[in-house]
Amino acid sequence: MIEKKKVFWFILLRLLVVSVFLVTTVYLDIHTYDVSGEVASKVLIRLIGATYLFSLLSLVALRQASSKTTRTLTHLQIVWDLILVTVLILVSGGVTSHYAFLYFLSIISASVLLARSQAYYTASLCVILYGTILDFQYYGKLVPLGLSSHPAQQWGAEYLFYLIFLHCSAFFLTAFLAGHLAERARISESALQEKVIDYEELERLNSCIVSTIDSGLLTINAAGRIRVFNRYAEMLTGISQQDAYDRLVTEVLPGCAGFEATFFESGQGEFQHVGVDGKELLLSYKSVPLLDKDGATVGAIFDLHDLTDIKRMATELKRADRLAALGELSARMAHEIRNPLAAISGSVQLVALRPWVDEKDERLFSIIVRETDRLDGLLRDFLVYAKPATPTKVQLNLHKVITDLCALLDTDPRLEQVAIQNQLPADLAVQFDKDQCSQVFWNLLVNSAEAIEGEGVISIDGARVNCKGHNEVHIRVRDNGSGMSQDAVKQVFEPFFTTKRGGTGLGLATVYRIVETNGGRMSINSTLGKGTTVTLHLPA
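Residues numbered from 1 in each chain as written. Predicted model: local features only at pLDDT ≥ 70, side-chain atom pairs only at ≥ 80, totals over all residues. Heavy atoms only, no water.

1. Let's talk about empty space enclosed by the protein
For step 1, the next point in the chain: A full pass over the atoms with the stated rule returns 1 cavity of 30 Å³ or more.
For step 2, the next point in the chain: Looking at the largest cavity, its volume works out to about 40 Å³.
For step 3, the next point in the chain: Lining the largest cavity are Leu218, Val249, Leu253, Cys256, Phe271, Tyr285, Phe302 and Leu304. (1 Å grid on protein atoms, 1.4 Å probe; cavity = no way out; pocket = protein on both sides within 12 Å on 5 of 7 lines; lining within 4 Å. Points joined across faces, edges and corners; volume = space filled by probe spheres on them.)

Shown next as structure tokens:
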């Protein structure tokens, strides 16, 4: 396929050469003609004018030419150049002309624009045209054109034959060399173009992979300064590629400073990092040395992953397995305990009805009955925790649920000095068991109220969130109470763990099991002396 760009530059080069020749022959008045100067000047001026016109028309036609038309137009350029050189030789003396070398340019042009075979065809035409000029001049056939035969006859036939043979050899040698070099150039250009395409594809592929991969990818140089910093790494650190470039990796990720000595070795590890929103993240990394073509280490590649959710899920799963086993065992024990407990309570009540029981015995019997009732209530609560009822999920409007609960709790002395702010959207709905939902928020509101000493505020807000492809409703119950230590937060969902005097430690544990049974999960954040935030992740 012939490139329009090459043909375009070829035509412009011809116009430049013709312009230079016009200046040197007309304006500088250089006369090297063996024909009449007046005739030669007229022919030359017309020839140059025709060349200008042909070249301009060719440029216009080239702009809208198809591949087939471009090939025809290219052949016409070579033919026109042969005609131009031939006429130029005729008007400049034939055998004495100095312009026979211009045939070489036509041969080279054919090899560059077309192919090696076309260069040989052009060389053959050059031999024919040049040989014809010399023969016709020798035999006087060009006298009508004003070209004398005297110079050719003066040199003799042997010299003319030698001249033709010399030019013939030069023309074909030029065709061979130019064709070979042009062919090699085309092959190299084609190979280079393929490589350029491959590199562009690889670059696009690399950019696509680096930018869309769901892990942090960064590279550092031998000085520990960041070079590549992908989109996920930007999300983890809150620092853009532009800001991270050429900064020390220990400056952007301070938590990995402890592994600095092994950056340029194959290895892996975990470190803590404070995220953009101030939350503490657990990040893992794998490092691989980056080598040059000689095998020398010039940097390192880091693959970062956020393990925070994975660790949390693992902890929750571990807790769920432990609680499930504990609940199964405890439920059986509770049933076994309740039976003799009921017998004890009934027997004591019957004995208390005997007429011979005095006042002191009645007081002791009442203590036994009261404590057995309290123990029975504790076992009942524990059974609810150990084996929650199968939920009947319905669509609930949370704003209405909280409003109704606030009305019920309005007379509760524990909330006398506590204001409940229901900031839930009016249209926020979840899939949850109605009675269990009320039980969950009742426990949470009562716990928050008991954690507040004196006046305080409990605020409830929430929103619908798209979490990894599915919709969730996140509800936050916040209070400004006494809060808890971090050690207490880690155990707060464990059964029988409590920070309240007289508490059973089953409130939050039961809430956790109910939420889990309804397909949700819970998390808690608390700061000692500043309050607690309980977050429910419920199915929308």
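2. Considerations on the confidence of the model for the protein
For step 1, the next point in the chain: Looking at the protein, the pLDDT average stands at 78 and 81% of residues meet or exceed 70.
For step 2, the next point in the chain: Throughout residues 29–36 the model reports pLDDT below 50, and contacts reaching past four residues in sequence, or to other chains, amount to 19 contacts. (pLDDT = per-residue confidence, 0-100. Contact = heavy atoms within 4.5 Å.)

3. Some words on the environment of aspartate 410
For step 1, the next point in the chain: Among the structural elements, aspartate 410 can be located in the loop between α13 (398–409) and β7 (418–422).
For step 2, the next point in the chain: Along the chain, aspartate 410 and isoleucine 420 lie 10 residues apart, while their C-alpha atoms are 9.7 Å from each other. (Helix = DSSP H or I, 4+ residues; strand = E, 2+ residues; numbered from the N terminus.)

4. Topic: the sheet that holds strand β1 (residues 216–221)
For step 1, the next point in the chain: Ordered by their spatial adjacency, 5 strands build an open sheet running β2-β1-β5-β4-β3, and the pairing between neighbours is antiparallel. Each edge of the open sheet is held by one strand with a lone partner, namely β2 (226–229) and β3 (267–274). Across the sheet, the axes of successive neighbouring strands diverge by a mean angle of 25 degrees, strand direction being ignored.
For step 2, the next point in the chain: Sheet topology places β1 next to strand β5 (residues 297–306); 6 bridges connect them, and they run antiparallel. The partner of leucine 217 across the bridge, within β5, is aspartate 303. (Pairing = 2+ DSSP bridges. Axes fitted to C-alpha atoms, helices over the stretch in contact; angles between N-to-C directions.)

5. Description of helix α16 (residues 507–517)
For step 1, the next point in the chain: Burial analysis of α16 places 8 of its 11 residues in the buried class, which makes it a mostly covered element.
For step 2, the next point in the chain: Taken together, the buried positions of α16 are occupied by Leu508, Ala509, Thr510, Val511, Tyr512, Arg513, Ile514 and Val515.
For step 3, the next point in the chain: Two residues or fewer after α16 comes glycine 519, characterised by a positive phi angle close to 85 degrees. (Buried < 20%, exposed > 50% of the residue type's maximum accessible area, 1.4 Å probe, protein only.)

6. Section: the packing of helix α3 (residues 67–91) against helix α5 (residues 116–138)
For step 1, the next point in the chain: Running from amino to carboxyl end, α3 crosses α5 at an angle of 25 degrees, the nearest separation of the two axes being 11 Å. With respect to α5, the element α3 is oriented roughly parallel. Like other packed secondary-structure pairs, α3 and α5 cross with a definite hand, here right-handed. In contact with Arg71, His75, Ile78, Leu82, Thr86, Ile89 and Leu90 of α3, α5 contributes Gln118, Thr122, Leu125, Cys126, Leu129, Tyr130 and Ile133.
For step 2, the next point in the chain: Its residues placed into classes, the contact of α3 with α5 shows 9 nonpolar, 4 polar and 1 charged. (Parallel < 35°, antiparallel > 145°, perpendicular 65-115°, else oblique. Left-handed = near helix turned anticlockwise from the far one by under 90°. Nonpolar A, V, L, I, M, F, W, Y, C, P; charged D, E, K, R; others polar.)

7. Topic: the packing of aromatic side chains
For step 1, the next point in the chain: Applying the stated criterion across every chain, the model contains 9 aromatic pairs.
For step 2, the next point in the chain: For the pair phenylalanine 104 and phenylalanine 171, a centre-to-centre distance of 5.2 Å together with 65 degrees between the ring planes defines the contact as edge-to-face. Remark: phenylalanine 171 occurs in helix α7 (residues 157–212) and phenylalanine 104 occurs in helix α4 (residues 102–113); sequence separation between them is 67 residues.
For step 3, the next point in the chain: By relative accessible area, which is 0% here, phenylalanine 171 ends up buried.
For step 4, the next point in the chain: Taking the centre distance of 5.1 Å and the plane angle of 80 degrees together, the rings of tryptophan 155 and tyrosine 159 count as edge-to-face.
For step 5, the next point in the chain: Under the relative-accessibility criterion, tyrosine 159 is labelled partly exposed at 35%.
For step 6, the next point in the chain: Cluster of aromatic residues (ring-pair linked, three or more members): Phe263, Phe271, Tyr285 and Phe302. (Phe/Tyr/Trp six-rings, centres within 6.5 Å; stacked < 30°, edge-to-face > 60°.)

8. What about the pattern of salt bridges?
For step 1, the next point in the chain: Under the counting rule described, the total for this entry stands at 5 salt bridges.
For step 2, the next point in the chain: For the salt bridge of arginine 227 with aspartate 246, the shortest nitrogen-to-oxygen distance reads 2.9 Å. A residue pair is termed long-range when its members are at least 10 positions apart, and arginine 227 in strand β2 and aspartate 246 in the loop between α9 (241–244) and α10 (249–252) qualify at 19 residues.
For step 3, the next point in the chain: For arginine 227, a relative accessible area of 28% corresponds to the partly exposed category.
For step 4, the next point in the chain: Given the relative accessible area of 34%, aspartate 246 is considered partly exposed.
For step 5, the next point in the chain: Residues joined in a network through salt bridges with shared partners are Asp461, Arg476 and Arg478. (Salt bridge = Lys/Arg side-chain N within 4 Å of Asp/Glu carboxyl O.)

9. Focus: the pairing of strand β12 (residues 531–539)
For step 1, the next point in the chain: Of all 9 residues that make up β12, 8 are buried, and the element is covered over most of its length.
For step 2, the next point in the chain: Examined bridge by bridge, strand β10 (residues 470–479) and β12 share 8 bridges and lie antiparallel to one another. Paired with valine 473 across the bridge in β12 is leucine 538.
For step 3, the next point in the chain: As defined by bridge partners, strand β11 (residues 521–527) adjoins β12 across 7 bridges and the pair is classed as antiparallel. Across the sheet, residue arginine 521 finds its bridge partner in β12, namely histidine 537.
For step 4, the next point in the chain: In textbook terms, the turn of a hairpin is the stretch between consecutive antiparallel strands, and for β11 and β12 this stretch comprises 3 residues, one of which, glycine 529, has a positive phi near 85 degrees.

10. Concerning the nonpolar core
For step 1, the next point in the chain: Counting 40 residues, the largest nonpolar core has Leu398, Phe432, Phe441, Leu444, Ile475, Met522 and Leu536 as its most contacted members.
For step 2, the next point in the chain: The element that contributes the greatest number of residues to this core is helix α14 (residues 434–451), accounting for 7 residues.
For step 3, the next point in the chain: Among the nonpolar cores identified, the runner-up in size contains 32 residues, and Val85, Ile133, Ile164 and Phe171 belong to it. (Core = buried A, V, L, I, M, F, W, Y, C linked by side-chain atoms within 4.5 Å.)

11. What to know about the packing of α13 against α14
For step 1, the next point in the chain: Contact geometry of α13 with α14 gives a least axis separation of 10 Å together with a crossing angle of 55 degrees. Comparing the axis directions of α13 and α14 gives the class oblique. Crossing hand, α13 versus α14: right-handed. On the side of α13, the interface is formed by Leu398, Val401, Ile402, Leu405, Leu408 and Leu409, while α14 contributes Cys437, Ser438, Phe441, Trp442, Leu445 and Val446.
For step 2, the next point in the chain: Residues of the contact of α13 with α14, tallied by class, amount to 11 nonpolar, 1 polar and no charged.

12. Looking at a nonpolar patch on the surface
For step 1, the next point in the chain: On the surface, a nonpolar cluster with roughly 360 Å² of combined accessible area is contributed by Leu13, Leu16, Val17 and Val20.
For step 2, the next point in the chain: Here valine 20 is to be found in helix α1 (residues 4–27). (Patch = residues over 30% accessible without salt bridge, like charges linked within 9 Å, V, L, I, M, F, W, Y side chains within 5 Å. Areas by Shrake-Rupley, 256 points an atom, 1.4 Å probe, with all protein chains shown as cover.)

13. Overview of α5
For step 1, the next point in the chain: Counted at 1.5 Å a residue, the expected span for α5 with its 23 residues is 33 Å, and the 33 Å between its end C-alpha atoms agrees.
For step 2, the next point in the chain: Of all the residues in α5, the buried ones are Gln118, Ala119, Thr122, Ala123, Cys126, Val127, Tyr130, Gly131, Ile133, Leu134 and Gln137.
For step 3, the next point in the chain: Looking at the residues trailing α5, positive phi occurs at glycine 140, about 75 degrees. (Expected span 1.5 Å × (residues − 1).)

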